[in-house]
Amino acid sequence: MPSFDTRVPAVLLRVDRNPFHHGTLGAVRSLGRAGIDVHLVADCTGSPVRRSRFVHRLHPPPAPGASPAEIASALRRVAARVGRPAVLLPMDDAGAVAVDRMREALGDRYLLPPSPGGLTERVADKAELAAVCAAVGVPHPRTLSPEGPAQAVAAALRLGLPVMAKWSRPWLLPPDTGLRSTVVLRSAQEAGALSLRSDEAGSPLLLQELLPPGPGLDWFVHGYVDRGGSVCGGGPGRKLRAWPPAAGSTAVGRWTPNPVVQELAGRLTSAIGYRGVFDLDFRRDPASGAYHLLDFNPRPGAQFRLFADGAGLDVVRALHLDLTGRPLPPPSPLPGRTFVVENHAPFASRPRRGTERAWHARDDLAPGAALWALWPPHVGRRLLGRAYRSSAGPDAARLVVRRPVRRTTNSLPDDEKANTC
């Protein structure tokens with residue numbers, strides 16, 4: 001294992017209220033196993049993550065819908081409790097964008113990659129990403145930004161049905177609306193109706209040419225760009241199974257050499273001067289053979305642990321080593337390694353050599369045990385909510401009454417118990 005500066009703690013930030021984000025647990029375990037104190041700033045209510053023995057301390061997250069300035073204020077309070085400079089790692093787009101905007105306000109408390117200001121938001125914004133790809137010559141599906149229902153109908157017909165619909169800034173989507181960041185539309189009328197909800201979504205609707213899905217077409221590249229501009233850690237992987245199917249996150253992935261997508265990732269990050277952790281999603285067009293960039297995530301992908309190599313390096317560890325001035329070990333790729341998310345692919349989740357499971361780990365048993373107690377009720381609530389919205393129409397989300405959440409306080413001091421995770 002590389003030599004870490006364990007005097008420098010890590011603060012993980014998650015703004016999204018997803019209790020089953022396995023990437024957060026992966027980061028907690030990766031850094032905690034290296035002997036680094038891991039402080040988690042997230043809503044951990046009903047989440048297996050809070051059970052991990054590698055969480056050094058839980059901190060209350062920013063309030064739902066918090067502005068970047070409010071998120072920075074919450075992080076400064078955490079920094080005061082930590083009491084020493086820490087590596088800061090956002091685990092979702094909302095956190096990454098907020099940290100980038102408030103870089104100057106946080107720079108005296110946290111260690112951050114020296115990425116150009118505003119670049120994080122630019123690549124996370126789906127509309128801006130299309131322009132970035134055009135400027136640097138990276139293939140990207142045809143994307144249109146209609147203004148109003150009539151233009152949305154015309155754009156859908158121009159692109160050809162079915163068509164992919166995306167919200168430009170998905171991190172602004174409010175909860176309990178039934179709106180999804182990405183959805184496949186089968187008719188032009190669906191596009192027109194969805195465009196009417198742009199104000200509710202918080203960002204413009206984009207319509208994108210749908211590249212046909214199929215076996216072996218979906219790929220991703222993870223990596224860390226160090227202070228000198230070199231890509232370290234990570235690698236290319238193939239999405240074997242997604243949830244939801246065709247347009248969802250990786251449920252089963254395999255580390256698979258692919259020089260083409262790896263070169264595209266290096267070319268893109270170098271051209272724009274990006275620094276930090278990234279997760280890029282590609283789909284190969286079976287007609288042309290070209291790999292099109294679908295998403296640029298300026299933070300760790302949920303399956304980043306797939307690329308833990310033979311030297312014990314992954315992108316999260318690369319970040320900590322680089323920002324603390326420690327040398328990174330030479331790459332030691334492990335192609336063929338597999339990553340499985342048990343609750344999304346239960347039939348592929350039995351223990352196998354060369355496979356890492358998202359939730360179950362021999363040295364950290366509690367999260368895996370908690371998963372199966374917490375997951376079925378969560379799915380039940382989601383299905384009931386979906387049925388309610390379908391029966392009551394698009395305005396139903398405004399009528400949802402949120403039940404108070406019981407919070408536990410075992411790991412926090414008395415002065416924080418009012419706002420605990």
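S.K.: Could you give me a rundown of the layout of surface pockets, with the residues and numbers involved?
M.R.: Taken as a whole, the second largest pocket holds about 350 Å³ of empty space. Lining the second largest pocket are 24 residues, and of these Gly233, Gly234, Gly235, Gln262 and Pro331 lie nearest its centre. The set of elements that each furnish at least two residues to the lining of the second largest pocket consists of strand E10 (218-225), strand E11 (231-243) and helix H10 (259-272). If one sorts the elements of the lining of the second largest pocket by residue count, E11 sits on top with six residues. Residue composition of the lining of the second largest pocket, by class: 16 nonpolar, seven polar and one charged.

S.K.: Would you mind going over the packing of aromatic side chains in detail, with residue names and values included?
M.R.: Enumeration according to the criterion identifies seven aromatic pairs in this entry. Judged by centre distance (6.4 Å) and plane angle (85°), the rings of Trp219 and Tyr291 are edge-to-face. Taken together, the residues Trp219 in strand E10 and Tyr291 in strand E14 (residues 291-297) connect sequence positions 72 residues apart. For the pair Trp219 and Tyr291, a shared accessibility class is recorded, and that class is buried. Here the aromatic cluster, defined as three or more aromatic residues joined through ring pairs, consists of Phe20, Trp359 and Trp375.

S.K.: Quick one: what's the story with the pairing of E10, residue by residue and with numbers?
M.R.: Of all eight residues in E10, eight are buried, a share of seventy percent or more. Both faces of E10 are covered, namely the face carrying Asp218, Phe220, His222 and Tyr224 and the face carrying Trp219, Val221, Gly223 and Val225. For E10 and strand E13 (residues 276-284), the ladder comprises eight bridges, and the chain directions are antiparallel. Bridge pairing links Trp219 to Phe282 in E13. Sheet topology note: the E10/E11 ladder contains six bridges and is antiparallel.

S.K.: I'd love a proper account of the packing of helix H7 (residues 149-159) against helix H8 (residues 188-195), names of residues and values included.
M.R.: The interhelical angle for the contact between H7 and H8, taken along N-to-C directions, is 145°, at an axis separation of 8 Å. As for how H7 packs across H8, the hand of that crossing is right-handed. The segment H7 lies against H8, with Pro149, Ala152, Val153, Ala156 and Leu157 engaging Ala188, Ala191, Gly192 and Ser195.

S.K.: Go over unusual backbone geometry, please, and point to the residues and values.
M.R.: The phi angle of most residues is negative, glycine excepted, and most peptide bonds adopt the trans form. Cis rather than trans, the peptide bond between Leu161 and Pro162 has omega equal to -5°. Within the fold, Pro162 resides in the loop between H7 and strand E7 (163-167). Looking along the chain, the bond that leaves Trp243 and enters Pro244 is cis, with omega of -5°. You can see Pro244 is positioned in the loop between E11 and strand E12 (249-255).

S.K.: Describe the sheet that holds E11, naming the residues involved and giving the relevant values.
M.R.: Sheet strands associate in pairs through backbone hydrogen bonding, adopting either a parallel or an antiparallel arrangement. Taking strand neighbours across the sheet as the criterion, the seven strands line up as E14-E13-E10-E11-E12-E15-E16 in an open arrangement whose pairing is mixed. Among the strands making up the open sheet, the edge pair consists of E14 and strand E16 (355-357). Sheet twist, expressed as the average angle between the axes of neighbouring strands with direction ignored, equals 30°. Relative to E14, E13 runs antiparallel, the two being bridged by six bridges. Each bridged residue has a counterpart across the sheet, and for Arg283 the counterpart in E14 is His292.

S.K.: So what about the sheet that holds strand E1 (residues 10-13)? Which residues, and what values?
M.R.: The strand order E3-E2-E1-E4-E5 describes an open sheet built from five strands, whose pairing is parallel. The sheet is open, and its two edges are formed by strand E3 (57-59) and strand E5 (110-111), each paired on a single side. Sheet topology places strand E2 (residues 38-41) next to E3; three bridges connect them, and they run parallel. Bridge pairing in E3 links Leu40 to Leu58. Packed on one face of the sheet, helix H2 (residues 68-82) meets E1, E2, E3, strand E4 (86-90) and E5 and runs near 150° to E1.

The rules behind these values
Residues numbered from 1 in each chain as written. Predicted model: local features only at pLDDT ≥ 70, side-chain atom pairs only at ≥ 80, totals over all residues. Heavy atoms only, no water. 1 Å grid on protein atoms, 1.4 Å probe; cavity = no way out; pocket = protein on both sides within 12 Å on 5 of 7 lines; lining within 4 Å. Points joined across faces, edges and corners; volume = space filled by probe spheres on them. Helix = DSSP H or I, 4+ residues; strand = E, 2+ residues; numbered from the N terminus. Nonpolar A, V, L, I, M, F, W, Y, C, P; charged D, E, K, R; others polar. Phe/Tyr/Trp six-rings, centres within 6.5 Å; stacked < 30°, edge-to-face > 60°. Buried < 20%, exposed > 50% of the residue type's maximum accessible area, 1.4 Å probe, protein only. Pairing = 2+ DSSP bridges. Axes fitted to C-alpha atoms, helices over the stretch in contact; angles between N-to-C directions. Left-handed = near helix turned anticlockwise from the far one by under 90°. Contact = heavy atoms within 4.5 Å.

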